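# An overview of the molecular structure
Each chain, letter by letter, is given below.
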Amino acid sequence: MSCNAAVTSLLNGQAASGLRAEAGTEVMSYRDALHWTMRDALQRHYSVLIMGQGVDDHKGIFGSTTGLAQEFGADRVMDMPLAEEGMTGVAIGAALNGLYPIQTHIRADFSLLAMNQIINLAAKYKYMFGGRFDVPMLIRMIVGRSWGQGAQHSQSLQSLFAHIPGLRVVMPSSSQSILDTYPAVIDRYRGPVISFEHRLMYDLQFYVAPLSPGQEIDPFGSRLVRPGEEVTIVATSIMVLEAMRAAEHLARVADIQCEVIDLHCVSSPDWDLVMHSVEKTGRLVVADTSWREYGVCAEVCRVVAERNPGCLKAPVVTLGMQPAPCPTAKCLEDLFYPDLRQLVGVLATLVTGNEIHGLPLPDTQSMADVYKRFKGPF
Amino acid sequence: MEYSQQFCELFFQALRIRLVEERIIELYPSDSIQSPVHLSIGQEAVAVGACRDLRETDLVFCTYRSHAYYLAKGGSLAEMFAELYGKVTGCARGKAGSMHLAAPEVGLMGASAVVASTIPHAVGAALAAKRLGNDQVVVGVFGDGATEEGVYHESLNFAVLHRLPVVFLCENNGLAVHSSQKARQGYDLLEHARSYGLSVCHIAEGYDFVKVADTMSDIIQRVRLTREPVFVEIRTYRYKEHVGPGEDFMCGYRQQEEWLAWKRQDPLEQYGDLAETIRPAIMKEIEEAVHFAMSSPFPSVEELLRDVV
Ligand SMILES: Cc1ncc(C[n+]2csc(CCOP(=O)(O)OP(=O)(O)O)c2C)c(N)n1
Ligand SMILES: [Mg+2]
């Protein structure tokens with residue numbers, strides 16, 4: 001499948017978040033959805049403050065904040081010193097005293113310098129003081145991938161944060177998902193939220209549907225994005241798109257119907273939705289953007305094992321990154337991440353109950369090539 | 001025109017780094033280098049000056065902008081190109097790309113892509129040198145932006161507290177990505193380092209490799225003898241965009257005039273005749289290195305999980 005074909009199939013509305021998006025008519029890129037929500041937040045809430053390294057420069061966090069410093073002023077869209085821990089503390093202080101900070105990390109990896117403030121302070125402030133404080137803030141973290149980003153510029157750290165009570169962790173998988181999540185979080189939720197945005201999705205176009213008046217979407221739920229009978233795929237972030245491509249392939253070549261669930265809020269997924277689906281299909285594949293060990297894959301298995309392990313007709317299959325730091329050589333990087341062919345392969349094996357399933361697999365092609373002809377990281 | 005031998009040697013080293021990076025720029029559109037590159041063009045004199053009088057046993061820790069230090073410290077050019085090409089013959093077997101070069105055999109102890117993260121490593125290596133009682137000097141290289149990170153301050157304190165043989169070498173190009181130093185820092189770098197009790201040194205002419213080398217020579221000697229930390233700030237100028245092979249003066253965050261003024265002082269720009277006489281030898285070496293990289297194999301499947309634990 002060529003890059004364009006992939007994007008066109010996404011444009012068919014299938015892969016956009018939620019069934020609702022099929023009704024969508026407007027096309028919006030992930031980047032534009034981010035920009036729209038950032039601008040909307042600044043416009044509607046005087047308390048919103050965007051803070052991060054380079055938020056005011058001409059590249060504006062991959063285009064998600066460009067022009068906003070000029071429009072709203074440098075005191076509302078603030079460039080930050082290279083001081084992740086300190087500046088997270090500053091954001092917490094500002095949140096405690098009436099602002100709504102939106103912090104950016106152009107790579108999720110840099111948030112590791114702010115772990116103390118995020119985990120020991122932001123996550124605990126409410127509980128530790130008996131509910132007397134709120135720390136309303138959104139931390140946007142971008143997961144880099146491909147073009148030799150390597151060990152320190154590509155990590156997908158959702159499970160590290162989702163492990164911690166007090167933090168909400170979301171992973172928007174489409175433009176619609178951003179439009180559904182960010183404004184709702186900023187308007188209504190009073191705690192710290194961490195969002196993992198996937199760099200490979202920034203250039204993708206999705207159909208979006210505006211909310212109808214009065215309609216409220218739970219920004220922290222999970223989403224059923226494709227109904228099916230034979231196997232459940234629980235996926236996160238860009239793996240939702242891969243799951244959709246795999247599901248379409250299997251529907252086309254073998255009339256196998258996969259049910260796809262976008263876990264979306266990995267810190268508090270809609271487990272009833274997941275269990276209902278697994279109980280229906282009896283088969284489960286979990287596809288996450290990160291390592292499987294102690295992560296989202298492991299967590300989904302825990303819940304199924306605790307709630308109703310008897311509903312499984314076959315062992316669960318999990319897909320994630322290989323248990324190594326990310327290498328830079330492209331040939332190794334392509335092995336490091338799961339690909340579509342692999343995903344289709346495990347689904348076919350699971351559904352047919354036979355490793356020699358005889359179903360045609362899609363060509364091997366690195367996901368980075370499919371989603372983006374990526375030249376350089378910034 | 002007659003040039004002194006020491007001028008010629010430093011000129012050669014600096015020109016070699018520039019030509020290597022210019023070759024990277026030429027090769028980049030071919031997509032054979034699939035790695036972000038942070039080029040040192042404009043800043044070569046700092047690296048060659050700082051490394052001239054370091055011994056192979058002296059250690060350097062540096063940043064993602066690592067090509068210049070890797071080469072100035074004596075890392076293999078062929079292995080560097082192989083690494084950029086993602087080949088198993090690269091200095092990190094294809095797992096580093098441009099941002100994490102290392103050549104421990106000559107004391108280049110690794111480059112990290114997380115700003116400021118190797119500064120404490122330099123301090124720790126100096127602690128080891130002290131405990132082991134050798135005469136090593138350790139150099140921690142970082143940018144002006146890195147001084148905003150907490151770990152920088154923690155490192156200065158510890159080095160002074162324990163009197164460790166480390167040179168804190170700040171390459172001040174006045175920029176962190178697109179942010180100017182004054183938009184980020186409310187302190188004066190030298191005053192600040194001095195307030196920790198460090199002796200400090202400032203070199204404004206970061207293009208002048210002879211001046212950098214001579215000043216650094218004194219400092220290295222002093223640290224080798226006194227085993228006391230020193231802070232050095234060297235002003236320099238990045239000619240290319242923060243990351244990537246292009247220029248970015250049209251983006252509006254800095255003025256092209258600054259660049260032109262800097263180039264007027266840059267010996268690599270000013271002594272074209274000398275450059276032309278040396279160039280063929282360097283180009284030959286570069287082409288051999290590129291050929292080595294191109295003809296080397298990619299890492300095999302087994303490499304993926306090799307060296308994890
Ligand atoms: C902890 C951390 N925060 C942010 C970044 C993104 N980043 C990469 S380079 C850079 C600028 C660093 O500036 P400076 O230390 O002056 O070095 P220079 O690039 O100018 O050589 C930034 C902010 C990073 N790599 N690591
Ligand atoms: Mg700098």
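## Some words on the coordination of the magnesium ion (ligand 2)
Residue and element names in this part refer to chain B. Protein coordination at the magnesium ion (ligand 2): the donors are Asp-144 (OD), Asn-173 (OD1) and Leu-175 (O), at 2.1 Å from the metal. Each donor residue of the magnesium ion (ligand 2) lies on one chain, and together they are spaced D-x28-N-x1-L. Linking Asp-144 in the loop between β3 (138–143) and α6 (150–161) with Asn-173 in the loop between β4 (166–172) and β5 (175–176), this pair joins segments that are 29 residues apart in sequence.

## Describing the packing of helix α5 (residues 84–96) of chain A against helix α6 (residues 115–122) of chain A
Residues and elements named next belong to chain A. Following both chains from N to C, one finds α5 and α6 inclined at 35°, their axes separated by 7 Å at the closest point. For the pair α5 and α6, contact is made by Glu-85, Thr-88, Gly-89 and Ile-92 and by Asn-116, Gln-117, Ile-118, Leu-121 and Ala-122, respectively. Here the contact of α5 with α6 is composed, by residue class, of 4 nonpolar, 4 polar and 1 charged.

## Things to note about the layout of surface pockets
There is about 430 Å³ of room inside the largest pocket. Taken together, 22 residues make up the lining of the largest pocket; nearest its centre are Ala-151 of chain A together with Ala-92, Lys-95, Ala-96 and His-100 of chain B.

## Quick word on the interface of chain B and chain A
Each partner contributes to the interface: chain B provides 38 residues, whereas chain A provides 31 residues. Carbon and sulfur atoms make up 65% of the area that chain B and chain A hide from each other, which totals about 2,800 Å². Counting every contact that joins chain B to chain A gives 0 salt bridges. There are 12 residue pairs in polar contact (both at pLDDT 80 or more) connecting chain B and chain A.

## Some thoughts on the packing of aromatic side chains
Counting across every chain of the model gives 21 aromatic pairs over all chains. With centroids separated by 4.9 Å and ring planes inclined at 80°, the aromatic side chains of Phe-336 of chain A and Tyr-337 of chain A adopt a geometry described as edge-to-face. In this structure, Phe-336 of chain A and Tyr-337 of chain A share a single accessibility class: buried. Clustering of aromatic rings is evident, with ring pairs tying together Tyr-207, Tyr-237, Tyr-239, Phe-249, Trp-259 and Trp-262 of chain B. Seen from the ring of Tyr-337 of chain A, Arg-145 of chain A lies directly overhead, with NZ or CZ sitting 3.5 Å from the centre. If you follow Arg-199 of chain A out to its NZ or CZ, it ends over the ring of Tyr-202 of chain A, 5.6 Å from the centre.

## Quick look at the sheet that holds strand β12 (residues 284–291) of chain A
Consider a sheet: its strands pair through backbone hydrogen bonds, and that pairing is either parallel or antiparallel. Residues and elements named next belong to chain A. The strand order β9-β11-β10-β12-β13 describes an open sheet built from 5 strands, whose pairing is mixed. Each edge of the open sheet is held by one strand with a lone partner, namely β9 (223–226) and β13 (317–321). If you compare each strand with its neighbour and ignore which way they point, the axes differ by 25° on average.

## Remarks on helix α10 (residues 238–254) of chain A
Residues and elements named next belong to chain A. Taking 1.5 Å per residue as the helical rise, α10 with its 17 residues ought to reach 24 Å, and the 24 Å between its terminal C-alpha atoms agrees with that figure. Burial of α10 is extensive: 13 of the 17 residues sit out of reach of the surface. Asp-255 sits one or two positions beyond α10 and adopts a positive phi of about 55°.

## Let's talk about the packing of helix α1 (residues 5–27) of chain B against helix α8 (residues 209–226) of chain B
Residue and element names in this part refer to chain B. The interhelical angle for the contact between α1 and α8, taken along N-to-C directions, is 105°, at an axis separation of 10 Å. Classified by the interaxial angle, the pair formed by α1 and α8 is roughly perpendicular. Touching Gln-6, Phe-7, Leu-10, Phe-11 and Ala-14 of α1 are Phe-209, Val-210, Ala-213 and Asp-214, all from α8. Residues that form the contact of α1 with α8 fall into these classes: 7 nonpolar, 1 polar and 1 charged.

So, how was this worked out
Residues numbered from 1 in each chain as written. Chains lettered and ligands numbered in written order. Predicted model: local features only at pLDDT ≥ 70, side-chain atom pairs only at ≥ 80, totals over all residues. Heavy atoms only, no water. Donors = N, O, S within 2.8 Å, 3.2 Å for Na, K, Ca; no water. Helix = DSSP H or I, 4+ residues; strand = E, 2+ residues; numbered from the N terminus. Axes fitted to C-alpha atoms, helices over the stretch in contact; angles between N-to-C directions. Contact = heavy atoms within 4.5 Å. Nonpolar A, V, L, I, M, F, W, Y, C, P; charged D, E, K, R; others polar. 1 Å grid on protein atoms, 1.4 Å probe; cavity = no way out; pocket = protein on both sides within 12 Å on 5 of 7 lines; lining within 4 Å. Points joined across faces, edges and corners; volume = space filled by probe spheres on them. Buried area = accessible area lost by both parts, 1.4 Å probe. Salt bridge = Lys/Arg side-chain N within 4 Å of Asp/Glu carboxyl O. Polar contact = N/O pair within 3.5 Å; in protein donor to acceptor, adjacent residues only side chain to side chain. Phe/Tyr/Trp six-rings, centres within 6.5 Å; stacked < 30°, edge-to-face > 60°. Buried < 20%, exposed > 50% of the residue type's maximum accessible area, 1.4 Å probe, protein only. Lys NZ or Arg CZ within 6 Å of the ring centre and 35° of its normal. Pairing = 2+ DSSP bridges. Expected span 1.5 Å × (residues − 1). Parallel < 35°, antiparallel > 145°, perpendicular 65-115°, else oblique.

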